[in-house]
Amino acid sequence: SVEAASRRVLQSLFPNWPPLNPPGTTGLLYWFGVLFAGPFPAFSAKLNAWVTLAAAQLLMGACDLEDVDMGADAPRLRAGDGCRQVLVVRRCRYLEETGCASICVNTCKMP
(Lines give C-alpha, C1' and ligand atoms only; values in the text may rest on other atoms or scores of the structure.)
Protein backbone atom coordinates (compact mmCIF):
# COMPACT_ATOMS: atom_id res chain seq x y z
CA SER A 1 0.00 0.00 0.00
CA VAL A 2 1.01 3.63 -0.37
CA GLU A 3 0.99 4.14 3.41
CA ALA A 4 3.37 1.20 3.97
CA ALA A 5 5.69 2.48 1.25
CA SER A 6 5.62 5.98 2.73
CA ARG A 7 6.44 4.59 6.17
CA ARG A 8 9.41 2.62 4.75
CA VAL A 9 10.75 5.75 3.03
CA LEU A 10 10.45 7.81 6.21
CA GLN A 11 12.13 5.13 8.31
CA SER A 12 14.97 4.86 5.80
CA LEU A 13 15.80 8.53 6.41
CA PHE A 14 16.95 7.76 9.95
CA PRO A 15 20.46 6.36 10.49
CA ASN A 16 20.98 2.89 11.93
CA TRP A 17 23.01 4.37 14.75
CA PRO A 18 23.79 3.97 17.64
CA PRO A 19 24.48 0.24 17.42
CA LEU A 20 23.13 -2.60 19.60
CA ASN A 21 19.51 -2.17 18.58
CA PRO A 22 17.43 -5.34 18.07
CA PRO A 23 17.36 -6.85 14.56
CA GLY A 24 14.64 -5.40 12.36
CA THR A 25 14.70 -1.99 14.05
CA THR A 26 16.41 1.25 13.05
CA GLY A 27 18.97 2.38 15.60
CA LEU A 28 17.97 6.01 16.07
CA LEU A 29 14.23 5.30 16.11
CA TYR A 30 14.64 2.38 18.54
CA TRP A 31 16.84 4.28 20.98
CA PHE A 32 14.63 7.37 20.84
CA GLY A 33 11.74 5.18 21.99
CA VAL A 34 13.78 3.61 24.76
CA LEU A 35 15.47 6.77 26.03
CA PHE A 36 12.82 9.46 25.44
CA ALA A 37 9.38 8.33 24.27
CA GLY A 38 8.95 5.60 26.90
CA PRO A 39 10.16 7.40 30.03
CA PHE A 40 9.33 10.99 28.97
CA PRO A 41 6.28 10.94 26.66
CA ALA A 42 5.35 14.61 27.11
CA PHE A 43 8.91 15.78 26.40
CA SER A 44 9.11 13.37 23.46
CA ALA A 45 5.89 14.71 21.93
CA LYS A 46 7.10 18.31 22.14
CA LEU A 47 10.54 17.38 20.79
CA ASN A 48 8.99 15.52 17.84
CA ALA A 49 6.72 18.48 17.09
CA TRP A 50 9.61 20.95 17.18
CA VAL A 51 11.92 18.82 15.01
CA THR A 52 9.12 18.11 12.52
CA LEU A 53 8.31 21.83 12.35
CA ALA A 54 11.92 22.66 11.53
CA ALA A 55 12.28 19.88 8.94
CA ALA A 56 8.83 20.11 7.33
CA GLN A 57 9.15 23.76 6.37
CA LEU A 58 11.93 22.88 3.95
CA LEU A 59 9.64 20.60 1.96
CA MET A 60 6.13 21.85 2.63
CA GLY A 61 6.37 25.55 3.40
CA ALA A 62 4.81 27.52 6.24
CA CYS A 63 3.85 25.38 9.26
CA ASP A 64 2.73 26.13 12.80
CA LEU A 65 2.43 24.22 16.04
CA GLU A 66 -0.97 24.15 17.70
CA ASP A 67 -2.49 22.56 20.78
CA VAL A 68 -4.13 19.14 20.62
CA ASP A 69 -7.88 19.53 20.09
CA MET A 70 -9.68 18.12 23.11
CA GLY A 71 -12.19 16.24 20.94
CA ALA A 72 -12.56 12.51 20.48
CA ASP A 73 -8.92 11.90 19.44
CA ALA A 74 -7.41 13.75 22.41
CA PRO A 75 -6.61 10.68 24.56
CA ARG A 76 -4.87 8.98 21.62
CA LEU A 77 -2.88 12.03 20.46
CA ARG A 78 -2.16 13.87 23.66
CA ALA A 79 0.97 13.43 25.74
CA GLY A 80 1.39 15.68 28.77
CA ASP A 81 -0.43 18.99 28.51
CA GLY A 82 -1.06 18.73 24.74
CA CYS A 83 0.26 22.25 24.12
CA ARG A 84 2.03 22.86 20.80
CA GLN A 85 2.08 19.20 19.77
CA VAL A 86 0.15 19.31 16.47
CA LEU A 87 1.90 20.36 13.26
CA VAL A 88 -0.39 22.33 10.96
CA VAL A 89 0.74 22.84 7.36
CA ARG A 90 -0.70 26.13 6.15
CA ARG A 91 -0.13 25.56 2.44
CA CYS A 92 1.74 22.52 1.17
CA ARG A 93 4.32 23.52 -1.41
CA TYR A 94 5.01 19.84 -2.20
CA LEU A 95 1.36 19.15 -3.02
CA GLU A 96 1.11 22.29 -5.17
CA GLU A 97 4.23 21.43 -7.18
CA THR A 98 3.60 17.71 -7.68
CA GLY A 99 -0.18 17.67 -7.78
CA CYS A 100 -0.09 14.25 -6.13
CA ALA A 101 -2.57 14.28 -3.23
CA SER A 102 -2.30 10.58 -2.36
CA ILE A 103 1.37 10.73 -1.41
CA CYS A 104 0.91 13.95 0.52
CA VAL A 105 -2.06 12.72 2.56
CA ASN A 106 -0.61 9.28 3.25
CA THR A 107 2.73 10.67 4.39
CA CYS A 108 1.70 13.70 6.43
CA LYS A 109 -1.24 12.09 8.21
CA MET A 110 0.81 9.26 9.72
CA PRO A 111 1.34 9.42 13.47
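Keep in mind that what you see is a predicted model, and the values were worked out from it rather than measured.

### Topic: the pairing of strand β1 (residues 63-66)
The alternating pattern of β1 places Cys63 and Leu65 on a buried face and Asp64 and Glu66 on a face that is not buried. Pairing analysis gives 4 bridges linking β1 to strand β2 (residues 86-89), with the strands arranged antiparallel. Paired with glutamate 66 across the two strands is valine 86, which belongs to β2.

### What to know about unusual backbone geometry
Cis rather than trans, the peptide bond between tryptophan 17 and proline 18 has omega equal to -5 degrees. Relative to the assigned elements, proline 18 resides in the loop between α1 (2-12) and α2 (27-37). Here leucine 20, not a glycine, exhibits a phi torsion of approximately 75 degrees, which is positive. By the secondary structure assignment, leucine 20 is in the loop between α1 and α2. According to the relative accessible area criterion, leucine 20 is exposed, its value standing at 77%. Even without being a glycine, arginine 84 presents a positive backbone phi close to 55 degrees. As for its position among the elements, arginine 84 is in the loop between α4 (74-77) and β2. For arginine 84, a relative accessible area of 48% gives the class partly exposed.

### A few points about a nonpolar patch on the surface
There is a patch of nonpolar side chains on the surface, built from Leu10, Leu13, Phe14, Leu28 and Leu29 and spanning about 420 Å² of accessible area. With respect to the helices and strands, leucine 28 occurs in helix α2.

### Here's the deal with the pattern of salt bridges
All told, the structure shown has 4 salt bridges when counted by the stated rule. A salt bridge links lysine 46 to aspartate 81, with the shortest nitrogen-to-oxygen separation between them at 3.0 Å. Of this pair, lysine 46 sits in helix α3 (residues 41-60) while aspartate 81 sits in the loop between α4 and β2, and the two are 35 residues apart along the sequence. For the salt bridge of glutamate 66 with arginine 90, the shortest nitrogen-to-oxygen distance reads 2.7 Å. Note that glutamate 66 is positioned in strand β1 and arginine 90 in the loop between β2 and α5 (93-98), a separation of 24 residues in sequence. Taking the relative accessible area as the measure of exposure, glutamate 66 reaches 33% and is therefore partly exposed. Residue classification places arginine 90 among the partly exposed positions, given a relative accessible area of 46%. One network of salt bridges, in which partners are shared, links Asp64, Glu66 and Arg90.

Conventions adopted
Residues numbered from 1 in each chain as written. Predicted model: local features only at pLDDT ≥ 70, side-chain atom pairs only at ≥ 80, totals over all residues. Heavy atoms only, no water. Buried < 20%, exposed > 50% of the residue type's maximum accessible area, 1.4 Å probe, protein only. Helix = DSSP H or I, 4+ residues; strand = E, 2+ residues; numbered from the N terminus. Pairing = 2+ DSSP bridges. Patch = residues over 30% accessible without salt bridge, like charges linked within 9 Å, V, L, I, M, F, W, Y side chains within 5 Å. Areas by Shrake-Rupley, 256 points an atom, 1.4 Å probe, with all protein chains shown as cover. Salt bridge = Lys/Arg side-chain N within 4 Å of Asp/Glu carboxyl O.

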